[in-house]
Amino acid sequence: MIVVEGQQFHLTNSRISYIFTIMKNGQLGHLYYGKALRTGRDYSHLEDYESVRPNTTHVFQGDPGFTLETVKQEFPVYGKGDFREPALLMEAEDQEVIGDFLYAGHEIQEGTPRSEYLPCTSVKEEAEAETLIVTMQDKRRNVKLRLFYTIFEELDVLTRKVQIVNEGESLVDVQRMMSLSMDLPDDDYEMVHLSGAWARERHIVTRPLAPGIQGISSRRGSSSHQHNPFMALKRPHTTEHHGEVIGVNFVYSGNFLTQAEVDHYGGVRVSMGIHPERFSWRLNPGESLEAPEAVLTYSDQGMNGLSQSMHQLIHKHIIPERWRKRKRPVLINNWEATYFDFDEDRLISFAKEAKNVGVDLFVLDDGWFGRRNDDKTSLGDWFANEYKLPNGMGGLATCIKAEGLEFGLWFEPEMVSPDSELMKKHPEWVVGKEVGHRTLGRNQYVLDFANPEVVDYLFERMASIIDETDLHYIKWDMNRNITEPYSQYLHRQGEFFHRYMLGVYDLYNRLTSKYPDVLFESCAGGGGRFDLGMMHYAPQAWASDNTDAVERLKIQYGTSLAYPLSSIGSHVSAIPNHQTMRETPLSFRAGVAYFGTFGYELDPGSLTEEEKAELTEQIATYKRIQPLIRQGSFYRLASPFDSDRTAWMIYDGKVGEGVIGWYKALASPNPPGTQHIRLAGLETGSLYEVNGEEYYGDELMQVGLNTGVEFNGANHEHMERSGDEQYRLYFIKRVARERGSL
Ligand code: DGJ
């Protein structure tokens, strides 16, 4: 519901409220964001103009209380007396800063705003969301800002973005354009974010806010392994299930900036947008520019409440609608099993073995094209490698399908090898101005996706392979970051990074529209582009190149803060693990991989008969769990960042079923503490069966589920439970509702 009363705008859905006002100078002032406040009330007392601060600049002569240095703003513009981080910096042709944006009108629309060329949230029914568009105008230059605010009816989520429209007669240059800026009245928060590196993505980092700017960003041309765009501000005492937290995320996959600036009066400005470094955009008269959408969530149910809102948003409003209900295939990928060393015969026998254990989809990874036998050649030459695959891609696909499997392929469309036919033919398609002044990464260069011809070529090549193979699945990889950002096609290089992303989205859009049944999985050297922009096209993402199950506990646990299990590509791989050399039991590896989109990265032909039988059982178990992975609510119960024990649970309250995963990474003899894990999300008075035993919901949530005695050196009966890398799976089922309710 969006209530406009006088100068005040109040967006609410009875659980959250976002309130702002038109200030006395015509700019927008922020009043409140958090748990719902009643409508029909004037909240102008929250404007807080009266605390006079010495030594500030004032908007009006004789009114020292009204200074842009301290008021909470909605979309602060550079150069007008607010010295905090601006949301907008824009210059006219004569280089004067354009900054007099005053309220000029508003409208309210049902649904979410569409975007022609950017990924964005969407609704099935218009009534699921409502959007307020406030227009701000600089009359002198005749430039308008359209500020979009969308509130979802059933979710504790708002989205924001801006569109800049040049209605004047001369050009303007946009140098900074945040999608979201929000001023919070106090700084009693801790910043939580997902940090890491290749093979160590999305580890949870928490730190108290301090005066000054703290933030995360990427200038790599991708959202990055190092910092995921997600950030949360939680109250210091907020836990997994209790307390307040605000989260932001970005529907974008390129350079970004997410910050919290604590000012010297204890206020916090949260900003999120395209990274302003090497960003500038020219708007000729009549042109407009749209910022990517930013997502804002509020929870008073702790971090888990925040995660669940994010998960539902992604599931219902970000991933392509057709993938919301469809089963995802259990896949096997040949990468770690063969690397580049395969031919048609080897792949067919691999597929046969995979089919025998019950796999649905065979994915042929890197190495099937050009002359690619290692990572030094052929990216860009998307034609079958005729030495390895003499019957072409069509021939191989027919054989794989004859085995009863679906067929999927790896592509790295954005890249080119120096040693490739494409590079010889189109040196002007490469990012970077001159040969000899370009940095290599994994022996490859980046293709200039800002150039529409490049996108056309890739579309033609990929479509032709999809047609030839009648493909079911594509893994879209991106294995290096962008350096020497220079497009040989563009005239204004400040536009390069964003136009590159628009080219990537254009290709995704064209392929997913033409081939709606092909399942896309995004990947960037593992989890280097695990973001909401990608998820708009590819409902699942390869979470990390690190397939070690112990490592995956942290990666998947961290990822779940912002992303649902149905987006987390998680596979069982061979031992010793290729990233850590660790040897973990097959059951433990599956136990971790179940909580994601399940699959394998190993050669089934190399397994013993018992191991193959175990795979068949694992696939059956996963298929039993799979509807929960798609539709259930996820609860983190014990963190791998706190101890060697991890526990989590997926539970669907509608059907009253769930699964709990409990993991012990390292054994400790005769450990202290209780062996109970407290479950969450159940009904206190309902009766549940857990692995054959009955308990009430209150017992399971207040006392916990007894995970049994761990290793006690004197107790040899329990030796089978000892050792590192143990796991248990508990199936929970509601058997009676509200009986014996408290
Ligand atoms: C990086 C990916 O993350 C891997 O899974 C694999 O596809 C390789 N690239 C192939 O080059």
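Bear in mind the structure is a predicted one, so any value in this text is a computation, not a measurement.

S.K.: An account of the site of the ligand is needed here, citing residue identities and associated values.
M.R.: In the vicinity of the ligand lie 13 residues, with Asp365, Asp366, Lys475, Asp477 and Asp545 positioned nearest. One of the side-chain N or O atoms of Trp410 is found 3.1 Å from an oxygen atom in the ligand. Here an oxygen atom of the ligand sits 2.8 Å away from a polar atom, N or O, in the side chain of Arg442. Coverage of the ligand by the protein chains reaches 98% of its 290 Å² of free accessible surface. Residue composition of the shell around the ligand, grouped by class: four nonpolar, three polar and six charged.

S.K.: With reference to specific residues and values, describe the nonpolar core.
M.R.: By size, the foremost hydrophobic cluster in this structure holds 198 residues, and its most contacted members are Leu364 and Trp368. Of the residues forming this core, the biggest block, 10 residues, is contributed by helix α8 (residues 496–514). With residues near it in sequence (within four places) discarded, Leu364 still touches Asn334, Phe342, Leu347, Leu389, Met393, Leu396, Phe407, Gly408, Leu409 and Trp410. Ranked by size, the runner-up nonpolar core spans 19 residues in total, among them Tyr635, Leu637, Ala638 and Leu700.

S.K.: Which residues make up the sheet that holds strand β29 (residues 568–573), and what are the values?
M.R.: Reading around the circumference, β21-β22-β23-β26-β27-β28-β29-β30 is the order of the eight strands in this closed barrel, with parallel pairing throughout. Recorded for the sheet is a direction-independent mean angle of 30° between the axes of neighbouring strands. Pairing of strand β26 (residues 473–476) with strand β27 (residues 519–522), which is carried by four bridges, proceeds in the parallel orientation. When the sheet's bridge partners are listed, Lys475 is paired in β27 with Glu521. Running over the sheet, helix α7 (residues 452–469) touches β23 (406–411) and β26 and is turned about 160° from β23.

S.K.: Describe in detail the layout of surface pockets, supporting the description with residues and values.
M.R.: Unoccupied space between atoms shows up once a probe the size of one water molecule is rolled over them. Considering only enclosed or pocket space, the second largest pocket measures out at about 690 Å³ in volume. Lining of the second largest pocket is provided by 24 residues; of these, His315, Lys316, Arg630, Gln631 and Lys654 occupy positions nearest its centre. Among the secondary structure elements, those contributing two or more residues to the lining of the second largest pocket are α1 (302–318), α2 (322–325), α12 (609–631), β31 (633–638) and β32 (645–652). No other element matches the five residues that α1 contributes to the lining of the second largest pocket. The residue inventory of the lining of the second largest pocket, partitioned by class, reads six nonpolar, nine polar and nine charged.

S.K.: Pulling in residues and values, what's your account of the sheet that holds strand β3 (residues 16–22)?
M.R.: The strand order across the open sheet built from four strands is β1-β2-β3-β4, with neighbouring strands paired in antiparallel fashion. Strand pairing shows two members of the sheet lacking a second neighbour, β1 (2–5) and β4 (28–35), which therefore form its edges. Going from strand to strand, the sheet's axes swing by 15° on average, the running direction of each strand aside.

S.K.: Could you give an account of helix α4 (residues 344–357), with specific residues and numbers?
M.R.: The end-to-end C-alpha distance of α4, which contains 14 residues, comes to 20 Å, matching closely the 20 Å that a straight helix rising 1.5 Å per residue would cover. Residues of α4 that are buried in the fold lie against β21 (331–333), α3 (335–338), β22 (361–364), α5 (392–402) and α12. Between a side-chain oxygen at the N-terminus of α4 and the backbone nitrogen of Asp345 the separation is 3.2 Å; the capping residue is Asp343. At the C-terminal side of α4, Gly358 shows a positive phi close to 110°.

S.K.: Can you lay out the pairing of β29 for me, pointing to particular residues and giving the numbers?
M.R.: Regular strands place side chains that alternate from one sheet face to the opposite one. Counting buried residues in β29 gives six out of six residues, a clear majority hidden from the surface. Burial along β29 is two-sided: Ile568, Ser570 and Val572 facing one way and Gly569, His571 and Ser573 facing the other are all buried. Both strand β28 (residues 540–542) and β29 contribute to a ladder of two bridges, which runs parallel. Looking at the pairing, Ala541 lines up with Ile568 of β29. As for the winding sense of the linkage, the β-α-β connection from β28 through helix α10 (residues 549–559) to β29 is right-handed. By the bridge criterion, five bridges tie β29 to strand β30 (residues 597–601) in an arrangement that is parallel. Each residue of the ladder has a partner; that of Ser573, found in β30, is Glu601. Viewed along the sheet, the connection from β29 through helix α11 (residues 586–593) into β30 turns out right-handed.

S.K.: Break down the domain arrangement of the protein for me, citing the residues and quoting the values.
M.R.: As assigned here, the protein comprises domain 1 (2–317), domain 2 (321–413 + 444–627) and domain 3 (638–736). Each of domain 2 and domain 3 was reduced to a C-alpha centroid, and the two centroids are 33 Å apart. Counting from both sides, the interface comprises 20 residues of domain 2 and, opposite them, 19 residues of domain 3. Carbon and sulfur atoms supply 81% of the area that domain 2 and domain 3 bury against each other, a total of about 1600 Å² over both sides. Considering only the surface of domain 2 that becomes buried against domain 3, Leu553, Tyr557 and Phe595 emerge as the three largest contributors, covering 38% of it. Summed over the shared surface of domain 2 and domain 3, the number is zero salt bridges.

S.K.: Just give me the short version of unusual backbone geometry, but keep the residues and values in it.
M.R.: Cis peptide bonds are those with omega within 30 degrees of zero, and the linkage from Ile575 to Pro576 qualifies with -10°. Among the structural elements, Pro576 can be located in the loop between β29 and α11. Notably, Met581 is not glycine yet its phi reads approximately 65°, a positive angle. The residue Met581 is located in the loop between β29 and α11 in this model.

Thresholds, definitions, all that
- Residues numbered from 1 in each chain as written.
- Predicted model: local features only at pLDDT ≥ 70, side-chain atom pairs only at ≥ 80, totals over all residues.
- Heavy atoms only, no water.
- Near = heavy atom within 4 Å.
- Polar contact = N/O pair within 3.5 Å; in protein donor to acceptor, adjacent residues only side chain to side chain.
- Areas by Shrake-Rupley, 256 points an atom, 1.4 Å probe, with all protein chains shown as cover.
- Nonpolar A, V, L, I, M, F, W, Y, C, P; charged D, E, K, R; others polar.
- Core = buried A, V, L, I, M, F, W, Y, C linked by side-chain atoms within 4.5 Å.
- Buried < 20%, exposed > 50% of the residue type's maximum accessible area, 1.4 Å probe, protein only.
- Helix = DSSP H or I, 4+ residues; strand = E, 2+ residues; numbered from the N terminus.
- Contact = heavy atoms within 4.5 Å.
- Pairing = 2+ DSSP bridges.
- Axes fitted to C-alpha atoms, helices over the stretch in contact; angles between N-to-C directions.
- 1 Å grid on protein atoms, 1.4 Å probe; cavity = no way out; pocket = protein on both sides within 12 Å on 5 of 7 lines; lining within 4 Å.
- Points joined across faces, edges and corners; volume = space filled by probe spheres on them.
- Expected span 1.5 Å × (residues − 1).
- Right-handed = clockwise from strand over helix to strand, strands pointing away.
- Domains from an automatic or database assignment.
- Buried area = accessible area lost by both parts, 1.4 Å probe.
- Salt bridge = Lys/Arg side-chain N within 4 Å of Asp/Glu carboxyl O.

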